[in-house]
Amino acid sequence: VQLQASGGGLVQAGGSLSLSCAASGRTFSTRGMGWFRQAPGKEREFVAAISWSSGITYYADSVKGRFSISLDNAKNTVYLQMNSLKPDDTAVYYCAARWRSGSDYRTEWNEYDYWGQGTQVTVSS
């Protein structure tokens, strides 16, 4: 599975950005897709995830109510709509695919099998 992320950029606090992650290859074995982020000097942290089959979504408390993850199965693309952005949201954002057996999503980054390249999101105050 190959993942191609896009959509990052610079935005003022309170603004919005939308990220996309296009999956190709053997996507039929994907259990779930997730978004993670990593700020300088910090560990990679879970942002949101979605089940490939059911569409059930999961969010970190820090983004709940502001971010929305969605999946277009026909396009094999997962989206992350980010609203009411804060400077603390500044990070490199990564999409990831989970194949291994078990639940469709996990919050630990090392529970995902494939990763896209990161895309920078910068929120100015």
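Rules behind the numbers
- Residues numbered from 1 in each chain as written.
- Predicted model: local features only at pLDDT ≥ 70, side-chain atom pairs only at ≥ 80, totals over all residues.
- Heavy atoms only, no water.
- Helix = DSSP H or I, 4+ residues; strand = E, 2+ residues; numbered from the N terminus.
- Rg over C-alpha atoms; globule rule 2.2 N^0.38 Å.
- Buried < 20%, exposed > 50% of the residue type's maximum accessible area, 1.4 Å probe, protein only.
- Contact = heavy atoms within 4.5 Å.
- Areas by Shrake-Rupley, 256 points an atom, 1.4 Å probe, with all protein chains shown as cover.
- Lys, Arg positive; Asp, Glu negative; His and termini not counted.
- Charge placed at Lys NZ, Arg CZ, Asp CG, Glu CD.
- Pairing = 2+ DSSP bridges.
- Polar contact = N/O pair within 3.5 Å; in protein donor to acceptor, adjacent residues only side chain to side chain.
- Salt bridge = Lys/Arg side-chain N within 4 Å of Asp/Glu carboxyl O.

**Quick word on the overall build of the chain**
When you go through the chain residue by residue, the secondary structure sums to zero helices and 11 strands. When the helices and strands of the chain are listed from N to C terminus, the series reads β-β-β-β-β-β-β-β-β-β-β. Its C-alpha atoms give the chain a radius of gyration of 13 Å, near enough to 14 Å, the size a compact globule of 125 residues would have. Principal-axis analysis of the C-alpha atoms places the extent of the chain at approximately 40 × 25 × 25 Å. Within the chain, the fraction of its 125 residues that count as buried is 40%. Sequence separation of at least 24 residues holds for 55% of the intrachain contacts in the chain that already meet a minimum separation of 6. Just so you have it, the chain exposes about 6,200 Å², and 47% of that area is on carbon and sulfur atoms. Averaging the positions of the 12 positive and the 10 negative side-chain charges in the chain gives two centres separated by 3 Å.

**Re the pairing of strand S4 (residues 32-38)**
Judged by how many residues are buried, S4 sits mostly within the fold: six of seven residues are covered. Here six bridges tie S4 to strand S5 (residues 45-51), and the two strands are oriented antiparallel to one another. Note on S5: the bridge partner recorded for arginine 37 is glutamate 45. Linking S4 back to S5 in an antiparallel pair, the connection comprises six residues, with glycine 41 at a positive phi of about 75°. Direction of pairing for S4 relative to strand S9 (residues 91-98): antiparallel, over a ladder of seven bridges. Bridging from a neighbouring strand, glycine 34 pairs with alanine 96 of S9.

**Side note on the pairing of strand S3 (residues 17-24)**
Alternating residues of S3 divide into Leu17, Leu19, Cys21 and Ala23, all buried, and Ser18, Ser20, Ala22 and Ser24, none buried. Relative to S3, strand S1 (residues 2-6) runs antiparallel, the two being bridged by five bridges. Across the sheet, glutamine 2 pairs through a bridge with serine 24, a residue of S3. One ladder, built from six bridges, connects S3 with strand S8 (residues 77-82); its direction is antiparallel. Bridge assignment links leucine 17 to a residue of S8, and that residue is methionine 82.

**What to know about the environment of tyrosine 79**
With respect to the helices and strands, the residue tyrosine 79 is situated in strand S8. Along the sequence, tyrosine 79 and alanine 5 sit 74 residues apart, while their C-alpha atoms lie 9.4 Å from each other. Residues contacting tyrosine 79, with those up to four places away along its chain left out, are Leu19, Ser20, Trp35, Ser68, Ile69, Ser70 and Asp72.

**Some points on the side chain of threonine 119**
Looking at the element boundaries, threonine 119 is found in strand S11 (residues 119-124). Of note is the side chain of threonine 119, whose polar atom sits 3.1 Å from the backbone nitrogen of glycine 8. Setting aside anything within four residues of it in sequence, one finds threonine 119 in contact with Ser6, Gly7, Gly8, Leu19, Ala91, Val92 and Tyr93.

**A look at the pattern of salt bridges**
Under the criterion given, the structure shown has nine salt bridges. We note a salt bridge from arginine 66 to aspartate 89, for which the minimum N-O separation is 2.7 Å. One end of the pair, arginine 66, is in the loop between strand S6 (57-59) and strand S7 (67-72); the other, aspartate 89, is in the loop between S8 and S9, with 23 residues separating them in the sequence. There is no split in this pair, since arginine 66 and aspartate 89 are both buried.

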